[in-house]
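Fold and geometry: a report
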Amino acid sequence: MMKTILNLVMAATFAALPLQASAHHSMAEWDTSIIDEMEGEIVNVVWRNPHIRWTMKIRNEAGEDELWTMAGTSPNHLARRGVTAETLKVGEVIRVVGSPSTRRPLNFIVNSALMPDRAEVLLRGLGPAVNPHWPDARAVIGTGEWGDRKSV
């Protein structure tokens, strides 16, 4: 009897593990049917796992400043593609493209950013949703070994 209970507990524990891991990487929070652009000043950057985050001061349509939380992919993923912690600098004004959160106001997942020097930096995984966005960018950074448009 005790062995059966122990086996059931272990089976339930192991069955739940993959669900937790896959749920973490879900895009369900983000409305990827909406692709928006925003421009604002970087006010802080948190460059650590599981995802980089930064705050941008963005002026809304009423002319008021709002603090938006931006999210990218993991620092390890970005480092493999040539994007470093020095990329996002506090005080710089950048333009971002991505999708808003459906759960948290003033939260945005960023596909790429257009830097002050007109370099486009890919800040999320590669694929149809995260191809370079600005055709007049002077460079596309962050394609790493998977892309053929990397330049600096």
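Residues numbered from 1 in each chain as written. Predicted model: local features only at pLDDT ≥ 70, side-chain atom pairs only at ≥ 80, totals over all residues. Heavy atoms only, no water.

Regarding the packing of aromatic side chains
- The full count for this structure, using the stated rule, is one aromatic pair.
- Between Trp-68 and Phe-108, the ring centres sit 6.2 Å apart and the planes meet at 90°, which makes this aromatic pair edge-to-face. Within this pair, whereas Trp-68 is found in strand β3 (residues 65-71), its partner Phe-108 is found in strand β5 (residues 107-114), the two being separated by 40 residues in sequence.
- The exposure class of Phe-108 is buried, given its relative accessible area of 1%. (Phe/Tyr/Trp six-rings, centres within 6.5 Å; stacked < 30°, edge-to-face > 60°. Helix = DSSP H or I, 4+ residues; strand = E, 2+ residues; numbered from the N terminus. Buried < 20%, exposed > 50% of the residue type's maximum accessible area, 1.4 Å probe, protein only.)

Section: the nonpolar core
- Counting 22 residues, the largest nonpolar core has Trp-54, Met-56, Met-70, Ile-94, Val-96 and Leu-123 as the members making the most contacts within it.
- Looking at this core, the elements that each hand over two or more residues are β1 (36-46), β2 (53-59), β3, β4 (93-100), β5, β6 (119-122) and β7 (139-141). (Core = buried A, V, L, I, M, F, W, Y, C linked by side-chain atoms within 4.5 Å.)

Details of unusual backbone geometry
- The peptide bond linking Asn-49 to Pro-50 adopts the cis configuration, its omega dihedral lying at 10°.
- Mapped onto the elements, Pro-50 comes out in the loop between β1 and β2.
- Phi is positive for Leu-106, close to 60°, though the residue is something other than glycine.
- Looking at the secondary structure, you find Leu-106 in the loop between β4 and β5.
- At Arg-118, a residue that is not glycine, the phi angle is positive and equals roughly 70°.
- Position of Arg-118 relative to the elements: it lies in the loop between β5 and β6.

Details of the environment of Arg-81
- In this fold, Arg-81 is placed in the loop between α2 (75-80) and β4.
- For the pair Arg-81 and Ile-141, spaced 60 residues apart in sequence, the C-alpha separation works out to 8.0 Å.
- Within polar-contact distance, the side chain of Arg-81 engages the side chain of His-77 at 2.8 Å. (Polar contact = N/O pair within 3.5 Å; in protein donor to acceptor, adjacent residues only side chain to side chain.)

Observations concerning the pattern of salt bridges
- Within this structure, the stated rule accounts for seven salt bridges.
- Ionic pairing is found between Glu-37 and Arg-95, a salt bridge with its closest N-O pair at 2.7 Å. In this pair, Glu-37 is assigned in strand β1 and Arg-95 in strand β4, connecting sequence segments 58 residues apart.
- The partly exposed category is assigned to Glu-37, whose relative accessible area is 35%.
- Of the charged contacts, one joins Glu-39 and Arg-95 as a salt bridge, the two residues approaching to 3.8 Å between their closest N and O atoms. With Glu-39 in strand β1 and Arg-95 in strand β4, the pair connects residues that are 56 residues apart, well separated along the chain.
- Using a relative accessible area of 27% as the deciding quantity, one classes Arg-95 as partly exposed.
- One network of salt bridges, in which partners are shared, links Glu-37, Glu-39 and Arg-95. (Salt bridge = Lys/Arg side-chain N within 4 Å of Asp/Glu carboxyl O.)

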